[in-house]
Amino acid sequence: MPDPNGFLRYDRRLPARRPVPVRIMDWREVYPPAGEELIREQATRCMDCGIPFCHDGCPLGNRIPDWNDLVRTGNWDAAVESLHATNNFPEFTGRLCPAPCEAACVLGLGGQLPVTIKQVEVEIADAAVARGGLRPRPVSAPTGKSVAVVGSGPAGLAAAQQLARAGHAVTVYERDDALGGLLRYGIPDFKLEKQHIDRRLAQLAAEGVRFRAGVNVGVDVTAEQLRAEHDAVLLACGALQGRDVPETPGRQLRGVHQAMAHLVAANRVVAAAGEGKPALATLPDGTPIDAAGKHVVIIGGGDTAADCLGVAHRQGAAGVHQLDLYPEPPAGRDAARDPWPTWPWILRDYPAHEEGGERVFAVAVQEFVDDGTGQVRAVRIAEVSVEKRDGRRIVTALPGSERELPADLVLLAIGFEGTEEQPVLAQLGVTRNARGAVDARSDWQTDADGVFVAGDMHRGASLIVWAIAEGRAAAAAVHAYLGGVGELPAPVDPARQPLAAR
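A. Quick look at the overall build of the chain. A tally of regular secondary structure across the chain gives 18 helices and 14 strands. Its C-alpha radius of gyration of 23 Å places the chain within 12% of the 23 Å reference for a compact globule of 502 residues. Once the C-alpha set of the chain is aligned to its principal axes, its extents read approximately 70 × 60 × 55 Å. Of all 502 residues assigned to the chain, the portion counted as buried reaches 51%. For the chain, the proportion of contacts with a sequence separation of at least 24, taken over those separated by at least 6, is 69%. Here the chain displays about 22,000 Å² of accessible surface, and carbon together with sulfur accounts for 51% of that area.

So, in structure tokens, the structure goes:
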């Protein structure tokens, strides 16, 4: 039974981040290991709240109070088992998820700071590696059924593991040269070192999952071939169609890029360095895209923008401005706007923000300014107000507020417009909806029978916990479709939405 007084005896504490002057000189993770004493103390803050709303904050249904108490009592092996019962990859979520479970912690209802659920989670996951590695669970009785999973991000890998452990032959297809989807080249190493991905891939391979990297389904392998070789197909291709601003004057200038282009190029350089190979940060056509010595402007206020900020610091940018269309959020929850236990709109400082740069709120770019040679030299911004009318966002510039910021490199981190249009969709007879996503029926099948969809490709760009939850749920649907024995866990259905005030 949890300690009902733990939150009264201990304050919320996180491990100290690596010093800024040290960490911006490399690409290693910002947070060092927390240490067992700190984590047991923080796990003790998890109270005997009766109704754990953290379960509802997390779509995976993680048994948070259970494994917190197991850590409190030093039963680490059982904590590892409890955590893995609902989450295939807690070392990913513990590092990358913004933790809606913490926003739903009952301590928040009483004005206390929430339990450090995310930190406890990552320490349990790392303990699994330290205490014997990620042991594979190969199946002893194959079903004779075959499944193709297109995409090797968290949704695809979670589905692949679930299906392989149920006895199905699973092949994961990835168009990139390395596996991991967005985790591999979209997430900087200072948030997720790639050894964590490689360990899981080794575990999945030992469980019988086959991987085919560098294969663009729909081009290198047709959908017809895929369906001929497999009994079911699961699409988990993500939502990487970046939102753009083609109407803004100067958008065509050199030096104005999508944020993901910058992140991918930087991550490829880091990956090459790890293999002892020289590499430059360039676009696929060879165009350099490096922040070294440049004035950088990042447009956007979310996770992707913060990732670009951290990369720019490590590449040696001369200066960075991060622009946000909306006014500066409050420091704490506005209960009238976002009542507990919903996800609150508050000011979130990422580790990259303490490394440098300037955040500018309530502004919008009016023009990308040409230096006379077709290269961007500045952005012209104006202060703005934003309001919603009939469900539409209306942005109004404040007259006389325009000014210029120097900019040699501009990165658009303003969100995503769904999954990319790609040949495999037309070949399968699957269409994108108005949001650029792929709809699923109640059994996770698309308009094409035997073709399933999960993750961001279905939901739109979302959190990693939703990707894994959908991958697990879609795997359960595929298993049932193939006539598998028993049922696999299905934490969400296709219509499930995050907690929200109605």
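Picking up after the structure, the text goes on.
B. Focus on the side chain of His-262. Secondary-structure assignment places His-262 in helix 14 (residues 259-274). With a relative accessible area of 0%, His-262 lands in the buried category. Of note is the side chain of His-262, whose polar atom sits 2.9 Å from the side chain of Gln-315. Ignoring anything within four residues of it in the chain, the contact list for His-262 reads Ile-289, Ala-291, Cys-308, Val-311, Ala-312, Gln-315, Leu-409 and Leu-411.

C. Geometry of helix 12 (residues 195-206). Across its 12 residues, helix 12 extends 17 Å between first and last C-alpha, which sits within 8% of the 16 Å expected from 1.5 Å per residue. When we look at burial in helix 12, the residues that qualify are His-196, Ile-197, Arg-200, Leu-201, Gln-203 and Leu-204. Buried residues along helix 12 cover an arc of 160° about the axis, so they all sit on one side. Note on helix 12: the residue one or two positions beyond its end, Gly-208, has a positive phi of about 105°.

Criteria and cut-off values
Residues numbered from 1 in each chain as written. Predicted model: local features only at pLDDT ≥ 70, side-chain atom pairs only at ≥ 80, totals over all residues. Heavy atoms only, no water. Helix = DSSP H or I, 4+ residues; strand = E, 2+ residues; numbered from the N terminus. Rg over C-alpha atoms; globule rule 2.2 N^0.38 Å. Buried < 20%, exposed > 50% of the residue type's maximum accessible area, 1.4 Å probe, protein only. Contact = heavy atoms within 4.5 Å. Areas by Shrake-Rupley, 256 points an atom, 1.4 Å probe, with all protein chains shown as cover. Polar contact = N/O pair within 3.5 Å; in protein donor to acceptor, adjacent residues only side chain to side chain. Expected span 1.5 Å × (residues − 1). Arc of directions from axis to C-beta.

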